[in-house]
Amino acid sequence: MKNNNFKIWISVNVAMFIVVIFGITYLQSHSYTDKTGISYIIIILFSLFYVLNVRNTLYFKKEYTILTRSEIPVYDPELDDIQFEGTGLFASHLKNLSDMYRNLNDGAVTQDRALDLLANRLGRREYFVQLGGNILITLGLIGTITGLIIAITGLEGVMTSLSESGKMILPGLKEALSGMGVAFYTTLFGAILGGFFLKLMHQASSNMAEEIVDEIAFRSEIHILPYLKKTVEHHINAQPNQ
């Protein structure tokens with residue numbers, strides 16, 4: 001199984017850095033400022049969620065590498081147990097299957113519940129990254145509304161000034177344009193950083209976690225589960241050993 005999702009994750013990171021560098025250059029050349037601070041909050045939160053995603057992705061990559069490079073587990077009929085010298089999540093899963101087998105009186109061991117627990121455990125690592133994408137989009141919308149309020153306030157000052165001395169026309173127009181800038185840029189920041197890049201990276205990372213669970217399930221199903229059965233014959237054979 002090729003780890004294509006990690007390559008996709010790397011590609012998204014490269015594209016993101018290109019866009020970020022271009023965006024910083026563009027904003028600096030236009031002396032962009034946000035007096036509401038929402039744009040800066042979006043950028044700071046994105047950085048935090050991005051670091052979390054990087055940490056999770058590298059963890060998934062490490063576990064997948066350990067899994068694919070590990071030896072095939074073997075069932076030892078003499079010891080009536082699983083023999084495996086590897087480490088990581090696969091070793092932990094095999095230990096759980098072995099414990100289930102020792103506590104089993106009759107029937108066969110199934111790994112569905114153990115796999116569900118493993119999938120939930122890995123999925124929780126990326127839960128806050130997924131939540132972060134939604135938070136950034138929401139902040140972008142809040143910035144849009146805030147910017148429009150500032151713009152309307154500035155236009156109100158212009159309209160008031162027209163009926164008076166006219167001294168507030170230029171400041172009012174500047175405030176209105178500033179508000180429109182905040183509205184557009186915060187929406188753009190939230191959509192690009194949270195709704196596009198962070199969601200793509202989260203999906204690639206989540207797919208890596210699913211690949212780990214699938215590979216563990218496949219190896220266990222083929223090499224271990226057929227032997228983890230206890231029947232009447234098994235109990236009879238075990239009698240002399242007691």
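Residues numbered from 1 in each chain as written. Predicted model: local features only at pLDDT ≥ 70, side-chain atom pairs only at ≥ 80, totals over all residues. Heavy atoms only, no water.

A. How the structure looks around the confidence of the model for the protein chain. Mean pLDDT over the protein chain stands at 85; residues scoring 70 or higher make up 85%. When the elements of the protein chain are averaged for pLDDT, helix α7 (residues 232-238) gives the smallest value, 47, and helix α2 (residues 38-69) the largest, 94. (pLDDT = per-residue confidence, 0-100. Helix = DSSP H or I, 4+ residues; strand = E, 2+ residues; numbered from the N terminus.)

B. The pattern of salt bridges, seen in detail. On inspection of all chains with the given rule, the structure shows four salt bridges. A salt bridge links arginine 102 to aspartate 81; its shortest N-O distance comes to 3.6 Å. Here the residue arginine 102 occupies a position in helix α3 (residues 88-102), and aspartate 81 occupies one in strand β2 (residues 81-83), the gap between them amounting to 21 residues. Under the relative-accessibility criterion, aspartate 81 is labelled partly exposed at 22%. We note a salt bridge from aspartate 99 to lysine 95, for which the minimum N-O separation is 3.2 Å. On the criterion of helical spacing, the pair formed by aspartate 99 and lysine 95 is a turn pair, its members being four residues apart in helix α3. Lysine 95 sits in the exposed class, given a relative accessible area of 53%. By sharing partners, the salt bridges in this structure join Asp81, Lys95, Asp99 and Arg102 into a single network. (Salt bridge = Lys/Arg side-chain N within 4 Å of Asp/Glu carboxyl O. Buried < 20%, exposed > 50% of the residue type's maximum accessible area, 1.4 Å probe, protein only.)

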